[in-house]
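# Reading the structure
Chain residues, written in single-letter form:
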Amino acid sequence: MSSIPETAQLGNHTVIEDDVVIGNNVSIGHNTVILRGTWIGDDVTIGNNCVLGIRPAVNQRMRKSDNEDRQLIIQSGTKVGHLASVYSGTKIGRNVFIGDHASIRENVLIDDKSVVGRAAIVELNSKIGKFCTIQTLAYITGDTTMEDNVFIGPCVSMSNDKYMGAKSFTLNGPLIKMGAKIGNNASLLPGVTIGRNSIIGAGAAVTRDIENNVTAAGVPATKFNR
Amino acid sequence: MSSIPETAQLGNHTVIEDDVVIGNNVSIGHNTVILRGTWIGDDVTIGNNCVLGIRPAVNQRMRKSDNEDRQLIIQSGTKVGHLASVYSGTKIGRNVFIGDHASIRENVLIDDKSVVGRAAIVELNSKIGKFCTIQTLAYITGDTTMEDNVFIGPCVSMSNDKYMGAKSFTLNGPLIKMGAKIGNNASLLPGVTIGRNSIIGAGAAVTRDIENNVTAAGVPATKFNR
Amino acid sequence: MSSIPETAQLGNHTVIEDDVVIGNNVSIGHNTVILRGTWIGDDVTIGNNCVLGIRPAVNQRMRKSDNEDRQLIIQSGTKVGHLASVYSGTKIGRNVFIGDHASIRENVLIDDKSVVGRAAIVELNSKIGKFCTIQTLAYITGDTTMEDNVFIGPCVSMSNDKYMGAKSFTLNGPLIKMGAKIGNNASLLPGVTIGRNSIIGAGAAVTRDIENNVTAAGVPATKFNR
């Protein structure tokens, strides 16, 4: 059984499975599903028609993360929008904002005060720092590392599989260093590093590492003076 | 209490909060949530598992619109798909079509007979004219102005923040003039104007204003003869 | 009435309309809606808050498919994620995986053992072969033909309307031949053919046919040596 404090506000037709822990002053919207093993801190707000605490269900052709039995942790003060989904084995820090229709996979860390935009997707094994902004419809591939204060524009795309399934390859997401900013609809190739405080232009395709403190744009992205 | 006419067809587990007005011959799907303050005209059809009338919930790092207390208005003959979300303070005109998984923010106007495609997103304070087509997965940034008869291809991306949060900047969406057409997956930078009846090629990045009646493509987009 | 075998596991608030056929050992999540005319094979798993078997609801400005009265067929061993939507008149083969937030339109065939990624969209009248991978947020336009073993990277975009509604045009999706691989966020123009085992780079815009066994990249995409 799950123990639900009297301070919780639950919507209609909310489903809360067993082994769910709910803090004080939590609000959960209508038709939202909280699956077993989910841990929700104080002052968390969750919208309508969400699904939280999903255990990975994969077929033979998809990889598994290491620790799919761990719980989903949502720390205090965080807000989750509507129609969003979050997997188990993931930790969402304090005062994070998860937009409507967003999807966050297993074994992800999203650190304090970061924003995951509307319909943005964060794939498995990614680490997002503090005060990051991931804008609407951005796609954070698996195994991405994002330091603090990174800005990812809307519709940014990433990949982590150099050979697109054709050869054996250790999947390798981008490393985006502190303060970097990626313009809308830019594409990052597998394993690229974006340097500290560097800026990538809208629509660029980043095919190799970008050093610190530069601006790069174009397909493929090249440095230009600023 | 909300007054629900006898002509309304409601699905199972539908949630209709207080202060909702529902016209004649309205159909609302299963598990759909209509939040307080929503006004629905005659002959409106709403699919399953939608959330309508959302009041903005923002954290300290996200901006608010001016008038978040206003109601959501959906005028007669409009159809909303499944798993879609629409905010309060927005007006959707007559005979509009809102696709499945679409998301429309607060303080938006979508004028008569326009189409918002599947999983397309319209951000706050945007004005969409009549007979516009916004295709699947297109992203309409905040403060966009779109005149009548505009065509936005699938996966088009826009932005409205020139410095990506780095400096103070008045957010400034694109202005897309009457009859303009934007090809699939093109990127528009903050504040650009696309002239009347101009065409932007697929995958282009539009970094400056485009005059009337021209075709432009490439990264960055340049005019070419047609 | 629908006949639901004793081996079925149904979540809370699940809605199963009339004329639904459910095989053995089927699991259906909470708040999921199965609309009339849906046929579900043995050992199928469906997540929470999905909508399956949607009949097309179009306005005057959107086209209809030919056979919108046919049923949705989901064959044995297939898994559907959470918050996904699938239309009627579509056939999903055996051991297919449909990701969370994905949307699949009417009159589509997805053949055995293919994967449709998270938030990916497959538009009407498309045919997807066996062992294909369509990654996260990819957009498969209407009338696309994809042979077996094709790989579509994340955020790939396609279009099928050469004149973007300006002239009468037979809608014409891409033809992607066996073993081809499309890099993330590439854009395919209407009617292009991608040859067998060819590779398209990330962020490319493919404006004309690509022959077999080549690599092409850039905006517009040109062949380069490998």
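How each quantity is defined
Residues numbered from 1 in each chain as written. Chains lettered and ligands numbered in written order. Predicted model: local features only at pLDDT ≥ 70, side-chain atom pairs only at ≥ 80, totals over all residues. Heavy atoms only, no water. Helix = DSSP H or I, 4+ residues; strand = E, 2+ residues; numbered from the N terminus. Rg over C-alpha atoms; globule rule 2.2 N^0.38 Å. Buried < 20%, exposed > 50% of the residue type's maximum accessible area, 1.4 Å probe, protein only. Contact = heavy atoms within 4.5 Å. Areas by Shrake-Rupley, 256 points an atom, 1.4 Å probe, with all protein chains shown as cover. Buried area = accessible area lost by both parts, 1.4 Å probe. Salt bridge = Lys/Arg side-chain N within 4 Å of Asp/Glu carboxyl O. Polar contact = N/O pair within 3.5 Å; in protein donor to acceptor, adjacent residues only side chain to side chain. Nonpolar A, V, L, I, M, F, W, Y, C, P; charged D, E, K, R; others polar. Pairing = 2+ DSSP bridges. Domains from an automatic or database assignment. Phe/Tyr/Trp six-rings, centres within 6.5 Å; stacked < 30°, edge-to-face > 60°. Lys NZ or Arg CZ within 6 Å of the ring centre and 35° of its normal. Least-squares fit on C-alpha atoms with pLDDT ≥ 70 in both.

Along chain A, the regular secondary structure elements total 0 helices and 31 strands. Taken over C-alpha atoms, the radius of gyration comes to 18 Å for chain A, in line with the 17 Å a tight globule of 226 residues would show. Seen through its C-alpha atoms, chain A measures out along the principal axes to roughly 60 × 40 × 20 Å. Scored against the burial criterion, the 226 residues of chain A give a buried share of 62%. Residue pairs in contact within chain A that sit at least 24 positions apart in sequence constitute 22% of those at least 6 positions apart. Put simply, chain A shows about 8300 Å² of open surface, and 45% of that area lies on carbon and sulfur atoms.

A word on unusual backbone geometry. Residues and elements named next belong to chain B. With omega at -5°, the peptide bond leading from V219 into P220 counts as cis. Mapped onto the elements, P220 comes out in the loop between β30 (215-217) and β31 (222-224). You will see that N95, though not glycine, has its phi angle at about 55°, which is positive. Mapped onto the fold, N95 is located in the loop between β12 (91-92) and β13 (97-98). Among the residues examined, N95 registers a relative accessible area of 33% and is labelled partly exposed.

A separate point is the interface of chain B and chain C. Each partner contributes to the interface: chain B provides 37 residues, whereas chain C provides 44 residues. When the two sides are added together, the surface that chain B and chain C hide from each other amounts to roughly 2800 Å², 60% of it contributed by carbon and sulfur. In this structure, the connection of chain B to chain C is made through 1 salt bridge. The shortest N-O distance in the salt bridge between E123(C) and R118(B) comes to 3.9 Å.

So, on to the pattern of salt bridges. Oppositely charged side chains can pair when the atoms bearing their charge come close. Using the criterion set out here, one finds 18 salt bridges over all chains in the structure. A salt bridge links E211(B) to K223(B), with the nearest nitrogen and oxygen atoms 2.8 Å apart. In this pair, E211(B) sits in the loop between β29 (205-206) and β30 while K223(B) sits in strand β31, placing the two residues 12 residues apart along the sequence. Looking at E211(B), the relative accessible area reads 47%, which means it is partly exposed. Classification of K223(B) by relative accessible area gives exposed; the value is 53%. Through salt bridges with shared partners, a single ionic network connects D100(A), R118(A), R105(B), E106(B) and E123(B).

Opposite the 44 residues of chain A that make contact, chain C presents 37 residues. Summed over the shared surface of chain A and chain C, the number is 1 salt bridge. Across the chain A-chain C interface, the total number found is 14 residue pairs in polar contact (both at pLDDT 80 or more). For the side of chain A that touches chain C, the secondary structure elements donating two or more residues are β8 (51-54), β11 (85-87), β23 (157-158) and β26 (187-188) of chain A. Of the residues assigned to the side of chain A that touches chain C, the class counts are 26 nonpolar, 14 polar and 4 charged.

Residues and elements named next belong to chain C. Strand order across the open sheet formed by 3 strands is β23-β26-β29, with parallel pairing between neighbours. The open sheet terminates on both sides in strands that have one partner only, identified here as β23 (157-158) and β29 (205-206). Direction of pairing for strand β26 (residues 187-188) relative to β29: parallel, over a ladder of 2 bridges. Within β29, the position partnered with S187 by the bridge is A205.

Residues and elements named next belong to chain A. The domain boundaries assigned to chain A delineate domain 1 (1-55 + 64-125) and domain 2 (133-226). Computed over C-alpha atoms only, the centres of domain 1 and domain 2 are separated by 27 Å. Facing the 11 residues of domain 1 at the interface are 12 residues of domain 2. Between domain 1 and domain 2, roughly 870 Å² of surface is buried when both sides are summed, and carbon and sulfur atoms account for 52% of that area. Ranking the residues of domain 1 by area buried against domain 2 places V115, I121 and E123 at the top, with a combined share of 40%.

Enumeration over the complete set of coordinates arrives at 0 aromatic pairs over all chains. The ring of Y87(B) has R105(B) sitting right over it, with the charged end atom 5.6 Å from the ring centre.

It is worth spelling out the environment of V108(B) at this point. All names here are of chain B. Along the polypeptide, V108 turns up in the loop between β14 (103-104) and β15 (109-110). With a relative accessible area of 3%, V108 lands in the buried category. Each C-alpha atom, one on V108 and one on K91, is 6.3 Å from the other, the two residues being 17 residues apart in sequence.

Attention now moves to the sheet that holds β26(A). Residue and element names in this part refer to chain A. Read across the sheet, 3 strands follow the order β23-β26-β29 without closing on themselves; strand pairing throughout is parallel. The two strands at the open ends of the sheet, each matched to only one other strand, are β23 and β29 (205-206). Summarising the sheet, β23 and β26 pair through 2 bridges and their orientation is parallel. Residue pairing for β26: M158 is matched across the bridge by L188.

Attention shifts here to the environment of I128(A). Residue and element names in this part refer to chain A. Of note, I128 is situated in strand β18 (residues 127-128). Each C-alpha atom of the pair I128 and S159 lies 16 Å from the other, and the pair is 31 residues apart in sequence. For I128, the contacting residues outside a window of four places in its chain are L109, I110, D111, S114, I134, I140 and M146.

Okay, the relation of the copies chain B and chain C next. In this structure, two copies of a chain are linked by a rotation about an axis accompanied by a shift along it. For these two chains of identical sequence, chain B goes onto chain C by a turn of 120° and a shift of 0.0 Å along the axis, with RMSD 0.0 Å. Such a turn and shift between the copies fits a three-fold axis.

Moving on: the environment of T32(A). Considering the arrangement of structural elements, one finds T32(A) in the loop between β4 (27-28) and β5 (33-34). Judged by its relative accessible area of 0%, T32(A) is buried. In sequence terms T32(A) and I16(A) are 16 residues apart; their C-alpha atoms lie 8.3 Å from each other. Filtering out sequence-adjacent residues up to four positions away, T32(A) remains in contact with H13(A), T14(A), V15(A), I46(A), G47(A), N48(A), N49(A), C50(A) and N31(C). One polar contact links the side chain of T32(A) to the main-chain amide nitrogen of C50(A), over a distance of 2.9 Å.

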